[in-house]
Amino acid sequence: MKTTVLLINLGTPDSPSVRDVRSYLGQFLNDPRVVDLPWLVRKILVNLIIVPFRAPKSAKIYQKLWTEKGSPIIFHGKRVQELLQAKLGDGYSVELAMRYKNPGIPEVLERIRVSNPDRIIVLPLFPQYASASTGSALQEVMDIVRNWWVIPELKFISQYWDDPLFIRALVERGKQYDWREYDHVLFSYHGLPERQVDKIYGEGLCQDHHCEDEISEENKFCYKATCYGTTRLLAQGLGIPEEKYTVCFQSRLDKKWLEPFADRIVIEQAQKGAKKLLVFSPAFVADCLETTIEISDEYQLLFEEHGGEKIQLVESLNDHPAWIEALEGLVKSD
């Protein structure tokens, strides 16, 4: 059986120029799963307000992120693609696509269609399910494949926050730092509007469930619940006691996003006298703007302003061997 594995990550501008950043933000923020507002409201808000004003500022930030090899999310992704291909062998073909910009899902899927595989395994690189990330990527794939004349067997992997090999990879990455040498540990996840998390429930809201403490049939696709679930497993694997760490959410746009807010926790820790913080970002499998810039640079400055000294970011999985083994396990699981 000829199997194609399609890895999908969020995406990145083609370059850190204002023009390319504007194009990226326009595609990203016009996605109704990302900005889940009525069509006309979204179009006016995104295209006339957010993108024109945000693109020049974001371009300066992307210039800090960019390296000689380009965007980290791309070169780490290509390296993972190569390593996973070598791991899986001749019976598989591994492809990499970005939900926004390049290499785009439509062009990569066309290449897959022409290759005529027996089976396609779609594996978004988002460990915890969220409609704005995993849901959007899977919908894009389905919208395209539904128009093919020949539709092969399809397998979608919607989340793997508790996969033992994924957790082991996070633990291996985290072991390079001794958490005992730090005053506190943060597990920082990308934030989401509360309304988006609430939509997964048939009855009630996220706050009506015990998402900080347990996973149940009702909240198993709740992003907040699975973030806390990932944290519990990772902390257990590293031997970090509950009183030593805090789960928080970064990149918020307003007060109606998931709490606690990471920037406020950083300030609170500094005000309590903490001098060294260790920060994990288990929602990101490749270092990107949110880790390299937001945590390592912006939170570092914020911490120093309030009396802290050092924020140490635990690097994302990137191309760690244990991460490649975890992906192989996900691909080969029934």
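Located above this text is the structure these notes cover.
Not measured: the values here are computed from a predicted model. (Residues numbered from 1 in each chain as written. Predicted model: local features only at pLDDT ≥ 70, side-chain atom pairs only at ≥ 80, totals over all residues. Heavy atoms only, no water.)

A. Structural context of the pairing of strand β7 (residues 276–280). The buried fraction of β7 amounts to four of the five residues, a majority that puts the element mostly inside the structure. Inspection of the sheet shows strand β5 (residues 184–190) paired to β7 by four bridges, in the parallel sense. Paired with F187 across the bridge in β7 is F280. Relative to strand β8 (residues 310–313), β7 runs parallel, the two being bridged by four bridges. Pairing of V279 across the sheet is with L313, part of β8. What joins β7 to β8 is helix α10 (residues 289–305), and the crossover it makes is right-handed. (Buried < 20%, exposed > 50% of the residue type's maximum accessible area, 1.4 Å probe, protein only. Helix = DSSP H or I, 4+ residues; strand = E, 2+ residues; numbered from the N terminus. Pairing = 2+ DSSP bridges. Right-handed = clockwise from strand over helix to strand, strands pointing away.)

B. Main features of the packing of aromatic side chains. What the rule picks out here adds up to twelve aromatic pairs. Taking 5.6 Å as the distance between ring centres and 90° as the angle between the ring planes, the aromatic pair formed by Y160 and F166 counts as edge-to-face. Take Y160 and F166: they sit in the same class, and that class is buried. With a centroid separation of 5.3 Å and an interplanar angle of 90°, the aromatic rings of F187 and Y245 are classed as edge-to-face. In this pair, F187 sits in strand β5 while Y245 sits in strand β6 (residues 245–250), placing the two residues 58 residues apart along the sequence. Pair check on accessibility: F187 and Y245 agree, each one buried. Cluster of aromatic residues (ring-pair linked, three or more members): Y24, F28, Y62, W66 and Y100. (Phe/Tyr/Trp six-rings, centres within 6.5 Å; stacked < 30°, edge-to-face > 60°.)

C. Structural detail: the pairing of strand β3 (residues 119–124). The buried fraction of β3 is high, at six of six residues. Residues R119, I121 and L123 point to one face of β3 and I120, V122 and P124 to the other, with burial holding for every one of them. In this structure, strand β1 (residues 3–11) lies alongside β3, joined through six bridges in parallel fashion. Residue pairing in the sheet places V5 in a bridge with I121 of β3. Summarising the sheet, β3 and strand β4 (residues 153–156) pair through four bridges and their orientation is parallel. Paired with I121 across the bridge in β4 is K155.

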